[in-house]
Amino acid sequence: MLYYLLYALHGQFSFFNVFRYITLRTIYSTLTALLITFLLGPYVVRLLTKYQIGQYIREDGPKSHYSKEGTPTMGGVLILFAIVVSTLSWADLANGYVWLVLLVTLCFGGIGFLDDYLMLIKKKNKGLSARSKFVLQIAIALVPAVFLYLNFRYNTRLNIPFFKTLTPDLYWGYILLALFIIVGTSNAVNLTDGLDGLAIGPATIAFGTFLLLSYLSGHAKIASYLQIPFVPGTGELSVFCGAMVGAGMGFLWFNSYPAQVFMGDVGSLSLGAALGTVAVITKNEILLVIVGGIFLIEALSVIFQVGYFKITHGKRIFRMAPLHHHFELKGWPEPKIIVRFWIIAVILSLISLSTLKLR
Ligand code: 57M
């Protein structure tokens, strides 16, 4: 909305022309979300503490987590508020992709909210059943998947990094792929969210990477130069990704070790779904494997651990899954695990950006 108000003034003052540019609006969107989380953070933490919206800790987990009992949770509400206000302020609201991503983010946030709320009223670390959570996730993810498939401007070809000329057309199979990516990423981020700042750090880095990728794929000349798919309109998603980066950094201020607040499922499920949806819309379905590599590794550690546990009737690959628990039980201090995961996330982001020039 601010975009419309400020740009409307360009007739009288040519200076206001600058608000036409996505780059400038992305910067302001990042700063707006950062400011909102900074300013409201202390108030939200106080409010969550006052109403005793605190975390219940599993008894079967690493003992170091017992002291975290009662840490305020559902801080994801603050992230969602910041990104919605910031995106609505700075993005071009005539752009359908912006609304699509906001819709998916808020609906997945709704599932997470329900899950967190049920945990609170049941007073244990168990909210919605895995089955109902999954059904709701699929139902919501169907909206962007079908919308994109039916959108005549959108192509259903798969873009494979390093092989720019190999672009198999998936036809209706693209709907299944989009569902898999959106729901899978949402759950992978949720699994990662088990140490202070462990999910929000790599998520912020991933959104920073997609900020750039969205801009590039929405720019006809650059896309053609880099030989990446040109998807008209995706440039505006940079404004959304900027809001995510700002809100992520602002939230990390409070979630960094030792955390004053956890994001809860309302944060982790929505952030993951948003990441998956941006990857699908910008046609970086496969590149997401690298950009969101931390989330993939965490999810795979669970899949392998559970599979091996079943096949061998009780043997384990890791001391505990997801992977961060393995390192905790090996005796690594929590901040060391977190910062090392962030470093890996930066490396993965750089590798993913390097694919733009490699074929
Ligand atoms: C939820 N939630 C955190 C917080 C956060 C299939 C199975 C592997 C599923 C997995 C699971 O349920 N994962 C998803 C993870 C929880 O955090 C809350 O949940 C929100 C995110 N959804 O925002 O509200 C705890 O994580 C810690 N935390 C922090 N700092 C943060 O900033 O310290 C979170 C955020 C918090 C807090 O302690 O309470 C969680 O871990 O519960 N299940 C597991 O991860 C379980 N693993 C397991 O059973 N592994 C088995 C196998 C065979 C799969 C094995 O390896 O033997 C365990 N989780 C825990 N303890 N905590 C096991 C033991």
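Here, the structure is the one placed above.
In what follows, the accompanying structure is described. Every chain's residues receive numbers from 1 upward, in the order its sequence appears when written. Two thresholds apply to this predicted model, a pLDDT of at least 70 for residue-level local features and 80 or more for giving and counting side-chain atom pairs, whereas whole-chain, interface and lining totals are computed over all residues. Hydrogen atoms and water are omitted, and side-chain values are computed over all heavy atoms in the structure.

Here we look at the site of the ligand
Neighbouring the ligand are 31 residues, the closest being Gln55, Arg58, Asn190, Asp193 and Asp265. For the ligand, an oxygen atom lies 2.6 Å from a polar atom in the side chain of His65. At 2.7 Å, a backbone N or O of Gly264 approaches an oxygen atom of the ligand. Residue exposure ignores everything except the shown protein chains as possible cover, and the areas themselves are Shrake-Rupley values with a 1.4 Å probe. Taking 1100 Å² as the accessible area of the ligand by itself, protein coverage stands at 85%. Elements that contribute at least two residues to the shell around the ligand include exactly helix H6 (173–192), helix H10 (264–281) and helix H12 (293–311). Looking at the shell around the ligand residue by residue, the classes come out as eleven nonpolar, 13 polar and seven charged. Here a residue is near a molecule or strand as soon as one of its heavy atoms is found within 4 Å of it. Counted as a polar contact is a pair of N or O atoms within 3.5 Å, where, for protein atoms, one must be capable of donating a hydrogen and the other of accepting one, and residues adjacent in sequence contribute only when both atoms are in side chains. Put simply, DSSP marks the helices as runs of H or I at least four residues long and the strands as runs of E at least two long, and each gets a number from the N terminus on. Residues were grouped as follows: Ala, Val, Leu, Ile, Met, Phe, Trp, Tyr, Cys and Pro as nonpolar; Asp, Glu, Lys and Arg as charged; and all remaining residues, including Gly, as polar.

Brief notes about a positive patch on the surface
Without a salt bridge and with relative accessible area above 30%, a residue can belong to a patch; like charges are then joined within 9 Å and nonpolar side chains (Val, Leu, Ile, Met, Phe, Trp, Tyr) within 5 Å. Within this document, salt bridges are pairs made up of a side-chain nitrogen of Lys or Arg and a carboxyl oxygen of Asp or Glu, the two lying within 4 Å of each other. Counted as positive: Lys and Arg. Counted as negative: Asp and Glu, with His and the chain ends omitted from the count. Charged side chains are reduced to one point each, which is NZ for Lys, CZ for Arg, CG for Asp and CD for Glu. A contiguous patch of positive charge on the surface is contributed by Arg58, Lys122, Lys124 and Lys126. For Lys124, a relative accessible area of 46% gives the class partly exposed. The buried label applies to any residue whose accessible area, calculated with a 1.4 Å probe on protein chains only, is under 20% of its type's maximum; exposed applies above 50%, and partly exposed to all values in between.

Quick notes on the packing of helix H3 (residues 76–90) against helix H4 (residues 96–122)
Relative placement of two packed helices is described by the angle separating their axes and the distance separating the axes. Relative orientation of the contacting elements H3 and H4 amounts to 165°, with a least axis distance of 11 Å. Between H3 and H4, the angle falls in the class roughly antiparallel. The chirality of how H3 crosses H4 is left-handed. For the pair H3 and H4, contact is made by Val77, Leu80, Ile83, Val84, Thr87 and Leu88 and by Val98, Trp99, Leu102, Thr105, Leu106, Gly109 and Phe113, respectively. Here the contact of H3 with H4 is built from residues that sort into ten nonpolar, three polar and no charged. Throughout, an axis means a line fitted to C-alpha atoms (over the contacting stretch in the case of helices), and angles, computed between N-to-C directions, take values from 0 to 180 degrees. When describing relative orientation, an angle under 35 degrees is termed roughly parallel and one over 145 degrees roughly antiparallel, while 65 to 115 degrees is termed roughly perpendicular and anything else oblique. Crossing handedness follows the turn of the near helix against the far one: under a right angle anticlockwise gives a left-handed crossing, and clockwise gives a right-handed one. Contacts are assigned to residue pairs with any non-hydrogen atoms lying within 4.5 Å of each other.

A closer look at the layout of surface pockets
As defined here, a cavity is a set of points on a 1 Å grid over the protein atoms alone where a 1.4 Å probe fits but cannot get out. A pocket is an open set with protein on both sides within 12 Å along at least five of seven lines, and residues line them when an atom is within 4 Å of a point. Grid points are joined across faces, edges and corners, and a volume is the space filled by probe spheres set on the points. Put simply, the second largest pocket is a space of about 210 Å³. Looking at which element gives the most residues to the lining of the second largest pocket, the answer is helix H2 (residues 22–50), with five residues. Residues that form the lining of the second largest pocket fall into these classes: twelve nonpolar, no polar and no charged.

What about the side chain of Asn95?
Within the fold, Asn95 resides in the loop between H3 and H4. In terms of polar contacts, Asn95 uses its side chain to reach the backbone amide nitrogen of Tyr97, at 2.9 Å. There is a polar contact of 2.7 Å between the side chain of Asn95 and the backbone oxygen of Gly233.

Thoughts on the side chain of Asp115
Assignment of secondary structure puts Asp115 in helix H4. When its relative accessible area of 2% is taken as the criterion, Asp115 is described as buried. At 2.5 Å, the side chain of Asp115 forms a polar contact with the backbone nitrogen of Leu128. Those residues in contact with Asp115 that lie beyond four places of it in its chain are Gly127, Leu128, Lys133 and Asp265.

What to know about the state of the cysteines
Chemically, a disulfide is nothing more than a covalent bond linking the sulfur atoms of two cysteines. The criterion for a disulfide is a pair of cysteine sulfur atoms lying within 2.5 Å. Within this structure, the stated rule accounts for zero disulfides. Left unpaired, Cys107 is separated from the closest cysteine sulfur, that of Cys241, by 18 Å. Assessed through its relative accessible area of 0%, Cys241 is described here as buried.

As for the packing of H4 against H10
Taken N-terminus to C-terminus, the directions of H4 and H10 make an angle of 155°; their axes are 7 Å apart at the nearest point. Between H4 and H10, the angle falls in the class roughly antiparallel. Crossing of H4 over H10 shows right-handed handedness. Looking at side-chain class alone, the contact of H4 with H10 contains 14 nonpolar, six polar and three charged residues.

As for unusual backbone geometry
Where the residue is not glycine, phi is negative for most of them; where a peptide bond is considered, it is trans in most cases. In this model, Tyr257 is joined to Pro258 through a cis peptide bond whose omega is -5°. Its location among the elements puts Pro258 in the loop between helix H9 (237–255) and H10. Phi angles above zero are rare outside glycine, and Lys283 is one such case at about 60°. Positive phi, close to 55°, is recorded for His313, a residue that is not glycine. With respect to the secondary-structure elements, His313 resides in the loop between H12 and helix H13 (323–329). Owing to a relative accessible area of 76%, His313 belongs among the exposed residues under this scheme.

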